[in-house]
Amino acid sequence: MGQNGMVFARTTFFMVLALIFSQIAAAQIRSIGVAGDGEFTRITLASDHDMNAGVFASTQGGLRAIQVVPSTYLLSADAYLGTPTGGVSAYTLDDGHIVFELDRPMMVMRELDLPPTGGEARYRLVLDLVSVSETRFAKSAHADAKRYRSWRPKAETVRASAPQDIAAAPSQKPWSLEDSSIVRPAPRHKIAIDPGHGGRDPGAPVVTGGEEKSIVLQTSLKLQEFLEKDPRYDVMLTRTKDVYVEHEDRVSMAREWGADLFISVHADAALKPDISGASVYTISTRGERRIEGTAVKYGWEIPIEGAANDEVEGILTDLVKRETKSNSAIFADFLVSELAEAGPLLRNTHRQGNLFVLLAPDVPAVLVEIGFLSNKQDARRLKSSTGRRKSAEAIKRAIDTYFDRQELLLASN
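What counts, and at which threshold
- Residues numbered from 1 in each chain as written.
- Predicted model: local features only at pLDDT ≥ 70, side-chain atom pairs only at ≥ 80, totals over all residues.
- Heavy atoms only, no water.
- 1 Å grid on protein atoms, 1.4 Å probe; cavity = no way out; pocket = protein on both sides within 12 Å on 5 of 7 lines; lining within 4 Å.
- Points joined across faces, edges and corners; volume = space filled by probe spheres on them.
- Nonpolar A, V, L, I, M, F, W, Y, C, P; charged D, E, K, R; others polar.
- Helix = DSSP H or I, 4+ residues; strand = E, 2+ residues; numbered from the N terminus.
- Contact = heavy atoms within 4.5 Å.
- Pairing = 2+ DSSP bridges.
- Axes fitted to C-alpha atoms, helices over the stretch in contact; angles between N-to-C directions.
- pLDDT = per-residue confidence, 0-100.
- Core = buried A, V, L, I, M, F, W, Y, C linked by side-chain atoms within 4.5 Å.
- Buried < 20%, exposed > 50% of the residue type's maximum accessible area, 1.4 Å probe, protein only.

**Thoughts on empty space enclosed by the protein**
In step 1: Within the structure shown, the criterion is met by 2 cavities of 30 Å³ or more.
In step 2: In this structure, the largest cavity occupies an estimated 50 Å³ of space.
In step 3: What lines the largest cavity is Ser 47, Asp 50, Met 51, Asn 52, Ala 53, Asp 113, Tyr 123, Arg 124 and Leu 125.
In step 4: In the lining of the largest cavity, the residues fall into 4 nonpolar, 2 polar and 3 charged.
In step 5: Size it by volume and the second largest cavity reaches roughly 30 Å³.
In step 6: Lining the second largest cavity are Ala 278, Leu 339, Ala 342, Gly 343, Pro 344, Ile 370, Arg 381 and Ser 391.
In step 7: Considered class by class, the residues forming the lining of the second largest cavity number 5 nonpolar, 2 polar and 1 charged.

Right, dumping it as structure tokens:
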């Protein structure tokens, strides 16, 4: 080997050594702190170098956890290890990941990767957790399992040199996000379908003969059939035969069942026979003002656990209501687009109404009018099995799009 070759070899050797040592030093963890009350909790990890960590919600064996997976990390021999609190029951430093076990469902609301500043010489990974429902946590964990498989760090993880007794005897359970992501099925979305009218309430008469209650029931049963063929969904109907169900019972059934979406199926009528087309209703401003009183009357209060005081509980309740209204509107917009493939649309298709079945404070809900029974063309379409199938298929496609969007948002957070 010539002199230039030797110089190049030595240079390459020292560059590789520098890279190895920089990676080993990349995440010398100096402290782990946990603070909060369980409704809102902050986890802070401080290190000498950026951890380049992935953060994932995870479940295994029925347990909940937030996993931090750095590209490389070592635990400093004199590291400060704070006591777990605020919904974090314990934490474990294992090969390749740090597991924060949770005693309640919580999600990472905000993740901050902070560089050193004038007042802080270390890198900090800050995770702000917020309490959520079991269903929402399960969906987040499932989305994170998919995200983990595509994220999978390329660098070989350095084994943590953790002391034996850390963080108030954390769990020694063998955690593996990758393994648990393979065996755990996706949480199923719960869809409540409400065929309007029924029994003593026939609904609108059909200009060509028949009654609304029969048409909307048959359309709802067809929608149920399509949804039950899809492994992503569980389906419940508020009625499956010609009976009348009180409006408050329809909403109560959906809430008690834990529905993720409530769809009330109706057909419209008008004095002018030339009016035709489908439309979709979400709650109006006037209807919103009824929600609180109706919730108190029928026991539909939103369960907010662990709120520090009435003011905090009120803020959280308002946030749930706002999210419910927003998701109702999002689904309604998807539904309008799909209904256009099944038949004509009424002008100003997405409308607002003060309708009782839309008053659930915590279940996104729409009322869909699949056409006008006072219009001969709409009536013929909806009395035919082909027309009802097209309406049901349109609603199913909108449901798919709505939950695809949710999963995409969860995966990107």
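**Thoughts on the side chain of Asp 378**
In step 1: By the element assignment, Asp 378 lies in helix H8 (residues 376-383).
In step 2: Setting aside chain neighbours within four positions, we find Asp 378 in contact with Ser 276, Gly 277, Pro 344, Gly 371 and Phe 372.

**Here we look at the sheet that holds strand S11 (residues 233-237)**
In step 1: Read from one edge of the open sheet, 6 strands run S11-S10-S12-S15-S13-S14, paired in mixed fashion. Of all the strands in the sheet, the pair left with one neighbour each is S11 and strand S14 (345-353). Geometrically, the sheet is characterised by an average inter-axis angle of 20° between neighbouring strands, direction not taken into account.
In step 2: Summarising the sheet, strand S13 (residues 278-283) and strand S15 (residues 365-372) pair through 3 bridges and their orientation is antiparallel. Paired with Tyr 281 across the strands is Leu 367, a residue of S15.

**Considerations on the confidence of the model for the protein**
In step 1: Looking at the protein as a whole, the pLDDT averages 82, with 80% of positions reaching at least 70.
In step 2: Predicted confidence is poor over residues 1-26, with pLDDT under 50, and the contacts of this stretch with residues over four places away or in other chains come to 10 contacts.

**Some details on the nonpolar core**
General note: in soluble globular proteins, nonpolar side chains tend to be found buried as a group.
In step 1: In this structure, Ile 191, Ile 263, Phe 331, Leu 335, Val 368 and Ile 399 are the most contacted members of the largest nonpolar core, which totals 38 residues.
In step 2: Per-element tally for this core: the top contributor is helix H9 (residues 385-412), with 7 residues.
In step 3: Residues contacting Phe 331, with those up to four places away along its chain left out, are Leu 261, Ile 263, Val 366, Ala 398, Ile 399 and Tyr 402.

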